[in-house]
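# Chain and residue survey
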Amino acid sequence: MRQVWLKNGWILTMDGERRVFQNGDVLIENDRIKAIGAVDPSEVRADAEVVELNGKTVMPGLINTHVHTMQQLGRGIADDVDLLTWLYKRVFPYESCMTEEEAYLSALACSLELIRSGVTTFAEAGGKEVNGIARAVQEAGIRAVLCRATMDMPEGLPEPWRESTEHSLAVQEELFERWHGQADGRLRVWFGLRTIFNCSDELIVRTKELADRHGVGIHMHVAEIPEEIRFVEEQRGRTTVEHLAHLGVLGPNMLAVHTVWMTDREIDLFRLHDVKVSHNPAAAMRVLGFARIPEMLERGITVSIATDGAPCNNRMDMIDEMLLTALIHKGRTLTPTKLPAVQVLEMATVNGAHCLGWADEIGSLEVGKKADLIIINPRSAGVLPVHDPVSTLVYAMHSSNVESSMCNGQWIMKDCRIVTLDEDAILDRVQDTARAIVQRAGIELPHPYPVTKVR
């Protein structure tokens, strides 16, 4: 039996009452929380690891509900372009020529950034090389919901991605059998639909059937851009969301990502069917628009926060995303009371857990739940003083303030050092590997300024 006693800090539980303990404790036993608030020293073993918090903040690990780990090495290859150029001329060619080993390295590099920004759980948006991604997650020690980018309509897709409906479904079932429940339960596998541009109705309906049969979810980009809505209306006679409703695939196990171009009726359809939403504010502002997140929350829709992938955001930093979420919707609605700090923190923790169907074990600090948590050290010029710990986390904290991180009761970062991975060894390989992939994909990046090679 292993115990860790976190003593004398701000404890932000994010439980049903949103309790906060000042000068509180957390007692962890093996992979779960045994006590919280005031810990009875008699329950603590003599060989327990004791961590003196000295006023630092303990909170649930952040949950990033939409990450393209295979795109981590593509950071910067698709800046300042529209979405269709981004997809079909930059990112799709890039991803489609990656090997499993390159996907593994990319996911390791992404894991480093996620851990350093306080993430203990993420949802993979659908890389093709899931086996490489899963290996990386195992080693990093974090928690993940994986899925494969699935498309069966080949128009505009690179040759390696052209596959039949049957193959798309069969490969996903194989991945489910291999990885679901692995890594001491830290890995789960969902079924993925990349985008309705390249997914047939048959694939969409049969994906829903498979997800329901296996008791897992569906991860899909939905209503991203006006061109998508026009395309679906022309090809299938309805908008994206109304067409998905017509097919009968909307439900509580669907995670709809972006959801920028939504009508009131479509938002009501989401509420009716308890569809979950992943809000990616930085990516949305960059190429998509402003999602109507306050309206969704006011209707009772569960909305979480995510970063998206490195080529469209450049920062896999959930702390940045919390700040953006709080600010952009105040500005869009001209209402400074919209999305207060505690609601944003809910979106990044307990709402994320609900979106991933994992709220029974993660998303809040409660007795019996998994010990997925982070320790924040506010002692820095950009954070102090702290008058309200919740407000400070959303409006002032930086990823550099994340000092330690624990997942499944195991340290994955301690005192700002990642303990599960060799960070320097991974970073040593990133630049050359990324450059090789760009060259192999035939991507030429125009520079709006003269570059002179000196050596």
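No experiment lies behind these values; they were computed from the predicted model shown.

To continue, consider the UniProt feature "domain: Amidohydrolase-related" (unreviewed entry) in the protein chain. Mapped onto this numbering, the UniProt entry annotates "domain: Amidohydrolase-related" (unreviewed entry) at residues 57-411. Taken as a whole, residues 57-411 contains 44% helix and 15% strand, while its terminal C-alpha atoms sit 16 Å from one another.

Pairing between strand β16 (residues 402-407) and strand β17 (residues 410-414): three bridges, direction antiparallel. Within the sheet, the bridge partner assigned to M406 lies in β17 and is W411. From the end of β16 to the start of β17, which pair antiparallel, there are two residues, and N408 there has a positive phi angle of about 60°. The sheet contact formed by β17 and strand β18 (residues 417-418) spans two bridges and is antiparallel. Looking at the pairing, M413 lines up with I418 of β18. Joining the antiparallel neighbours β17 and β18 is a turn of two residues, in which D415 adopts a positive phi near 50°.

Moving on, we get to the pairing of strand β1 (residues 3-12). Within β1, seven of the 10 residues are buried, which leaves the element mostly enclosed by the surrounding structure. Bridge analysis of β1 against strand β2 (residues 20-29) gives seven bridges, and the strand direction is antiparallel. The partner of V4 across the bridge, within β2, is I28. Taken together, the four bridges between β1 and strand β4 (residues 49-52) define a ladder with parallel strand orientation. Note that in β4 the partner of L6 across the bridge is V51.

The strand order across the open sheet built from four strands is β6-β7-β8-β9, with neighbouring strands paired in parallel fashion. The open sheet has two free edges, formed respectively by β6 (62-67) and β9 (187-189), since each of these has just one partner strand. Taking each pair of neighbouring strands and ignoring which way they run, the sheet shows an average axis angle of 15°. As paired strands, β6 and strand β7 (residues 119-124) are joined by four bridges and run parallel to one another. Its bridge partner being in β7, V67 is matched across the sheet by E124. In the packing of helix α12 (residues 318-333) onto the sheet, contacts are made with β6 and β7, and the angle to β6 comes to roughly 90°.

Given a rise of 1.5 Å per residue, 17 residues ought to cover 24 Å, and the 24 Å separating the end C-alpha atoms of helix α2 (residues 100-116) matches this to within 8%. Burial of α2 is extensive: 13 of the 17 residues sit out of reach of the surface. Just past α2, the residue G118 takes up positive phi, approximately 90°.

With parallel pairing, five strands are arranged side by side in an open sheet as β10-β11-β12-β13-β14. Looking at strand neighbours, the two that pair on one side only are β10 (191-193) and β14 (303-305), the edges of this open sheet. Each adjacent strand pair in this sheet contributes to an overall mean axis angle of 25°, direction not counted. By the bridge criterion, three bridges tie strand β12 (residues 254-258) to strand β13 (residues 276-279) in an arrangement that is parallel. Residue pairing in the sheet places V257 in a bridge with S278 of β13.

For the structure shown, the criterion picks out four aromatic pairs. Between Y88 and F92, the aromatic rings sit 5.3 Å apart at their centres with planes inclined by 85°, giving edge-to-face as the arrangement. Pair noted here: Y88 and F92 are both in helix α1 (residues 83-96), with a separation of four residues, about one helical turn. According to the relative accessible area criterion, F92 is buried, its value standing at 0%. When the centroid spacing of 5.0 Å and the interplanar angle of 65° are considered together, the rings of F92 and W161 count as edge-to-face. Separated by 69 residues along the polypeptide, F92 in helix α1 and W161 in the loop between β8 (143-146) and α4 (165-179) bring together distant segments of the chain. No difference in accessibility class separates F92 from W161, as the two residues are buried. In this structure, R135 is placed above the aromatic ring of Y104, and the distance from its NZ or CZ to the ring centre is 4.2 Å. The ring of W358 is capped by R143, whose NZ or CZ atom sits 5.1 Å from the centre of that ring.

Before going further, it helps to examine the nonpolar core. Among the nonpolar cores identified, the biggest contains 134 residues, and L62, Y94, F122, L146, F270 and M322 are the most heavily contacted of them. In terms of residue count, the dominant contributor to this core is α2 (10 residues). Those residues within four positions of M322 in sequence are excluded, and the remaining contacts are L62, I305, V344, L345, A348, L393, V394 and M397.

We now examine a nonpolar patch on the surface. Taken together, the side chains of L323, L327 and Y395 define a hydrophobic patch exposed on the protein surface, amounting to about 240 Å² of accessible area. Topologically, Y395 is positioned in helix α15 (residues 389-395).

Turning to the packing of helix α7 (residues 240-247) against helix α8 (residues 264-273), a few remarks are in order. Direction vectors running N to C along α7 and α8 enclose 40°, while the axes themselves pass 9 Å from each other. Here α8 runs oblique to α7, going by the angle between their axes. Note that α7 runs across α8; the crossing there is left-handed. For the pair formed by α7 and α8, the contact residues are T240, V241, E242 and A245 on the first element and R265, E266, L269 and F270 on the second.

So, about the pattern of salt bridges. By the definition in use, this model includes 35 salt bridges. Several salt bridges share partner residues, and in doing so they unite D264, D268, R292, E295, R299 and R332 into one network.

If you trace the backbone, V241 turns up in helix α7. With a relative accessible area of 0%, V241 lands in the buried category. Sequence spacing of V241 and I267 is 26 residues, and the spatial spacing of their C-alpha atoms is 8.8 Å. When near neighbours in sequence (up to four residues on either side) are disregarded, V241 contacts V222, L250, M262, E266, L269 and F270.

Here is what the cut-offs are and how they apply
Residues numbered from 1 in each chain as written. Predicted model: local features only at pLDDT ≥ 70, side-chain atom pairs only at ≥ 80, totals over all residues. Heavy atoms only, no water. UniProt positions renumbered as here; feature names shortened; annotations may be inferred. Helix = DSSP H or I, 4+ residues; strand = E, 2+ residues; numbered from the N terminus. Pairing = 2+ DSSP bridges. Buried < 20%, exposed > 50% of the residue type's maximum accessible area, 1.4 Å probe, protein only. Axes fitted to C-alpha atoms, helices over the stretch in contact; angles between N-to-C directions. Contact = heavy atoms within 4.5 Å. Expected span 1.5 Å × (residues − 1). Phe/Tyr/Trp six-rings, centres within 6.5 Å; stacked < 30°, edge-to-face > 60°. Lys NZ or Arg CZ within 6 Å of the ring centre and 35° of its normal. Core = buried A, V, L, I, M, F, W, Y, C linked by side-chain atoms within 4.5 Å. Patch = residues over 30% accessible without salt bridge, like charges linked within 9 Å, V, L, I, M, F, W, Y side chains within 5 Å. Areas by Shrake-Rupley, 256 points an atom, 1.4 Å probe, with all protein chains shown as cover. Salt bridge = Lys/Arg side-chain N within 4 Å of Asp/Glu carboxyl O. Parallel < 35°, antiparallel > 145°, perpendicular 65-115°, else oblique. Left-handed = near helix turned anticlockwise from the far one by under 90°.

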